[in-house]
Amino acid sequence: MSVQHISLAQPFSDQKPGTSGLRKSSSQFATPDYLESFIEATLRTIPGVAGGTLVVGGDGRYGNSQAIGVICRMAAAHGLARVITTTGGILSTPAASHLIRSHGAIAGIILSASHNPGGPDGDFGVKVNGANGGPAPESITDAIYAETTRLDGYRIDMDAPPPNLSVCGEQQLGELVVQVIDGVEDYVALMQRLFDFDQIGALLRSDFPIAFDAMHAVTGPYASRLLEGLLGAPAGTVRNGIPLEDFGGGHPDPNLTYAHELASLLLDGDHYSFGAACDGDGDRNMIVGRSCFVNPSDSLAVLTANARLAPGYADGLAGVARSMPTSAATDVVAQQLGIPCYETPTGWKFFGNLLDAGRITLCGEESFGTGSNHIREKDGLWAVLFWLQILAVRKCSVAEIMAEHWNRFGRHYYSRHDYEAIPSEAAHGLYNRLKEMQPSLVGQAFAGRIIATADDFAYTDPVDGSLTTGQGLRLLLDDGSRVVLRLSGTGTQGATLRVYLESYVPASGDLHQDPQTALASLITAIDQLAEIRSRTGMGQPTVIT
Ligand code: VG1
Ligand code: CO
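Presented here is an overview of the structure given in this document. Each chain carries its own residue numbering, running from 1 in the direction its sequence is written. Throughout, the order in which chains and ligands are written sets their labels, letters from A for the former and numbers from 1 for the latter. This being a predicted model, a pLDDT of at least 70 is required before a residue's local features are given, and a value of 80 or more before pairs of side-chain atoms are given or counted; all residues contribute to the totals for chains, interfaces and linings. Heavy atoms throughout the structure, all of them, feed into the side-chain values; hydrogens and water do not.

## With respect to the pattern of salt bridges
The condition is simple: A side-chain nitrogen of Lys or Arg and a carboxyl oxygen of Asp or Glu constitute a salt bridge if their distance falls within 4 Å. Only runs of H or I of at least four residues qualify as helices and only runs of E of at least two qualify as strands under DSSP, and these elements are numbered from the N terminus. Only protein chains enter the area calculation, which uses a 1.4 Å probe; residues under 20% of their type maximum are buried, those over 50% are exposed, and those in between are partly exposed.
For the structure shown, the criterion picks out 30 salt bridges. For Glu138, the salt bridge is made with Lys349, and the minimal N-O distance between the two is 4.0 Å. With Glu138 in helix H5 (residues 138–149) and Lys349 in helix H12 (residues 349–356), the pair connects residues that are 211 residues apart, well separated along the chain. You can call Glu138 partly exposed: its relative accessible area is 30%. Judged by relative accessible area, Lys349 falls into the buried class, the value being 16%. The closest approach of N and O atoms between Arg416 and Glu366, which form a salt bridge, is 3.0 Å. Note that Arg416 is positioned in strand S19 (residues 411–422) and Glu366 in the loop between strand S17 (362–365) and strand S18 (369–372), a separation of 50 residues in sequence. Side by side, Arg416 and Glu366 carry an identical accessibility label, which is buried.

This is the structure we're talking about:
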């Protein structure tokens, strides 16, 4: 082994991890020493590197295999004992979380920019997860960032050949063992412990055709083995199932805009009974029934209300959590179940402490993220199987499940409007202006209601007492409705403004309106107040969920 210290002319100053790791354009990652420098800072920061085990893999996007090679050579130079990686380097974020936990690894490095497009002209990213399998907490990502700003060089084994990712087995890189495993197997076994595959299989072999869109991203091999292999769904159930470096030119974000083909199969056609899609790295899910789109906030509420139908959750739930912008639909269910419901900032890392402490069993975000204590990440295919489990037991349609749910708990009309790639200055100007206005807004009229609270969301972690501030501007109205504004921490071009709108109608009210109609007065009022259209120069949002 020939470990070399490569000097940097100057440290990179832009490597601050956002909501979910470091995310930049592929061309930026191609800058000499760029990836190496972030990995160096990571390996200098995380505990247990000497003699430890690291899990490494990614969603198959452009740069994936090459990055795995770099990380292996740097792991060898830093004295790690073992790197566990996968055939083809293909590893979904939830499967990585499981491997970290089941192999006692010190950490995981997941190569993905999640739902962002890939390819030479797309984005690349590095997610760093801790020993509990979840996204590294802010204390660690802040320390990694601080390290990047003072880095003078990095250590790498210059001689080591790139690992052979085409077959399972062990390879020696100096003192380091690179273990290549099948990235799908352990995950599938975990799913079999949580759900009743006989029941779901019987549903899928009956007159219940489903469609799953892997969006040419990481879930293809997982979904093929689960749905078509073990559960007996017909060949062709999994669409776009081969992972491609550029996701076939698509945008692997499972929402009504970017997964419109799948959505349209269910919303405009009448062949399929159930449809689902996952994002680039497999942690997000979109659920659609025939003529029935399931809002992700509602999805979490439905899983919470029906959790006992799945073998893995038959004993009930310790508690639930949702991110702040997620609707309060789950809160109402939790209240009826008599279990605690926590409200955290956006990003899965905030659920980690609650899950580790056993305070919650399920958690979710409005951004198509749902998960549980089986791992420490959100889990796209897990949510799909959970829905299929509920449908297999209840033997009804998705639309019937939603109607029954709203009849019981009332309905939280909900929508998120995203304004993507707006000039940073315009976005920050708009945001800061509203923030400054907030104190004067309390007591003012807004969309026919009164603003009861106007603040910037702050969170005190109930487990470790840490405080996180600046998590989104909230306008809470006197009838329980809300409007929230946030600036995205995962975009790479300009800024993305997210506007979250929510209004509750009790079970006795009109439960079957179009959400955009039900929320129309809030949409108009926030546009007038925050001057969204005029300041962004956009007549309408890029994506409406
Ligand atoms: C978005 C979502 C957030 C999610 C994050 C990571 O962040 O809103 O809920 O946790 O993406 O998802 P932001 O800062 O752009 O709003 V993923 O699928 O990248 O791991
Ligand atoms: Co993702």
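Next comes the rest of the account.
## Topic: the pairing of strand S12 (residues 274–278)
Rules: Think of it this way: DSSP has to see at least two bridges between two strands before they count as a pair.
Where burial is concerned, most of S12 is hidden: 5 out of the 5 residues are buried. Burial along S12 is two-sided: Phe274, Ala276 and Cys278 and Gly275 and Ala277, pointing in opposite directions, are all buried. For strand S10 (residues 210–213) and S12, the ladder comprises 4 bridges, and the chain directions are parallel. Along S12, the bridge assignment pairs Phe212 with Ala276.

## Quick notes on the packing of aromatic side chains
Put simply, the rule is: Pairing of aromatic rings covers Phe, Tyr and Trp, the last through its six-membered ring, and needs centres within 6.5 Å; plane angles under 30 degrees mean stacked, over 60 mean edge-to-face, and all others mean tilted.
Counted by the stated rule, this structure contains 11 aromatic pairs. Pairing Phe12 with Tyr34 gives two aromatic rings, centres 4.9 Å apart and planes at 70°, and the pair type is edge-to-face. Of this pair, Phe12 sits in the loop between strand S1 (3–7) and strand S2 (22–25) while Tyr34 sits in helix H2 (residues 34–45), placing them 22 residues apart in sequence. Taken individually, Phe12 and Tyr34 each receive the classification buried, so the pair is uniform in this respect. A centroid spacing of 6.3 Å and a plane angle of 55° characterise the contact between Phe293 and Phe368, whose relative ring orientation is tilted. With Phe293 in strand S14 (residues 292–294) and Phe368 in the loop between S17 and S18, the pair connects residues that are 75 residues apart, well separated along the chain. Residue Phe293 is classed as partly exposed on the basis of its relative accessible area, which comes to 22%.

## Regarding the coordination of the cobalt ion (ligand 2)
Short version of the rule: Note that water is not among the atoms considered, so a metal site may appear incomplete; the donors listed are N, O and S atoms within 2.8 Å of the metal, with 3.2 Å applied to Na, K and Ca.
Taken together, Ser114 (OG), Asp279 (OD), Asp281 (OD) and Asp283 (OD) make up the protein donors of the cobalt ion (ligand 2), found 2.0 to 2.1 Å from the metal. Read from N- to C-terminus, the donor residues coordinating the cobalt ion (ligand 2) fall into the pattern S-x164-D-x1-D-x1-D. Here Asp281 lies in the loop between S12 and strand S13 (285–289) and Ser114 lies in the loop between strand S5 (107–111) and strand S6 (123–129), a separation of 167 residues in the sequence. Of the two residues examined, Ser114 and Asp281, each falls in the buried class.

Any link to function would need more than the numbers given here.
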